[in-house]
Amino acid sequence: MEMIKIVLAGPRGKMGQQVVNMIHNHENFKLIGVIDSKNNGMYLHEVIETNIKDVTVYENCEEALTTLKPDVFVDFTNPTTGKIHTEIALRLGVKSVIGTSGFNSSDVERLQEIASKNQTGCIIAPNFALGAVLMMKFSQMAAKFYNEAEIIELHHNQKKDAPSGTAIKTAEMISQEWKSEIPTIHSVRLPGLIAHQEVLFGGQGETLKIRHDSLDRNSFMKGVAISINTVQQLDSLVYGLENILF
Ligand code: NAP
């Protein structure tokens, strides 16, 4: 099978370091460059602890993508940078897998237009954990039978956006069933947490709780790998892992 050449933005970050390891351990993936907010021109192994050699750090996304011409661009940075990088990649026709959160529906619509215009595949997923996707799907199923629900999302205290992309997406999926109301979202930020979400439905004399816990950032890597493989076949933007899994 042919190697998929990847450029990753955010390699020093908590998620980025997991992605570096996942790519290194995947037989069909090859990391050919990284984009960082600093360390321009250095090698990745000088910046983080890794056995991958000869991967150059770029500070400029456009320069990295035009120079290296990867098959897939992957972004785990922050909401502001992630949106800029995604737009650059799609305008250059580079297929992209975006894990960075903080994209609202108008951001997604705008990027969908750019992706379609350039016939470039892109997957933006607020949550790559397979269990989290099932939690969203089960919540949508439950919404057919309950008229009231609240979402409690809990994350580590360095998370920059609130509510989480997963919570917003879950609320949208529930409100698709309700056709009007949007469930209330509560955001909790505490040290010690990674990524957790509870969807609580209330009915006559009963409650239903649907909960997912990411206990380790490794939980996201299977979804990232599936997306890197799947985006090869896409020529438009897909928002949400559930739209490629089911
Ligand atoms: P993090 O630890 O803060 O890492 C972000 C990295 O991006 C940092 O190394 C940061 O560098 C770098 N960065 C900032 N600006 C940049 C730029 N212009 N070019 C290149 N790199 C830049 O955050 P994280 O926990 O890894 O999370 C990253 C993103 O993924 C967040 O949006 C988070 O919500 C999201 N996330 C998504 C999922 C999912 O399943 N989709 C799961 C978990 C997290 P500096 O430190 O120098 O700023």
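Residues numbered from 1 in each chain as written. Predicted model: local features only at pLDDT ≥ 70, side-chain atom pairs only at ≥ 80, totals over all residues. Heavy atoms only, no water.

Topic: the layout of surface pockets
If you add up the space inside the largest pocket, you get close to 970 Å³. Met-15, Phe-76, Thr-77, Asn-78 and Ser-101 are, among the 44 residues lining the largest pocket, the residues nearest its centre. Broken down by secondary-structure element, the contributors of at least two residues to the lining of the largest pocket are α1 (14-25), α4 (79-91), α6 (130-143), α7 (165-178), β9 (195-203) and β10 (206-214). Within the lining of the largest pocket, the residues separate by chemical class into 14 nonpolar, 22 polar and 8 charged. Both of domain 1 (4-124 + 219-245) and domain 2 (130-215) provide at least three residues apiece to the lining of the largest pocket. (1 Å grid on protein atoms, 1.4 Å probe; cavity = no way out; pocket = protein on both sides within 12 Å on 5 of 7 lines; lining within 4 Å. Points joined across faces, edges and corners; volume = space filled by probe spheres on them. Helix = DSSP H or I, 4+ residues; strand = E, 2+ residues; numbered from the N terminus. Nonpolar A, V, L, I, M, F, W, Y, C, P; charged D, E, K, R; others polar. Domains from an automatic or database assignment.)

Observations regarding the domain arrangement of the chain
Under the domain assignment, the chain is made up of domain 1 (4-124 + 219-245) and domain 2 (130-215). With centres defined by C-alpha atoms, the gap from domain 1 to domain 2 works out at 26 Å. Opposite the 16 residues of domain 1 that make contact, domain 2 presents 12 residues. Together, Lys-14, Tyr-239 and Glu-242 form the three largest contributors to the area buried by domain 1 at its contact with domain 2, with a combined 39%. Here domain 1 and domain 2 share 1 salt bridge between them. The residue Lys-169 makes a salt bridge to Glu-242 at a minimum N-O spacing of 3.1 Å. Applying the counting criterion to the domain 1 and domain 2 interface returns 5 residue pairs in polar contact (both at pLDDT 80 or more). Along the lines of polarity and charge, the residues of the side of domain 1 that touches domain 2 split into 6 nonpolar, 7 polar and 3 charged. (Contact = heavy atoms within 4.5 Å. Buried area = accessible area lost by both parts, 1.4 Å probe. Salt bridge = Lys/Arg side-chain N within 4 Å of Asp/Glu carboxyl O. Polar contact = N/O pair within 3.5 Å; in protein donor to acceptor, adjacent residues only side chain to side chain.)

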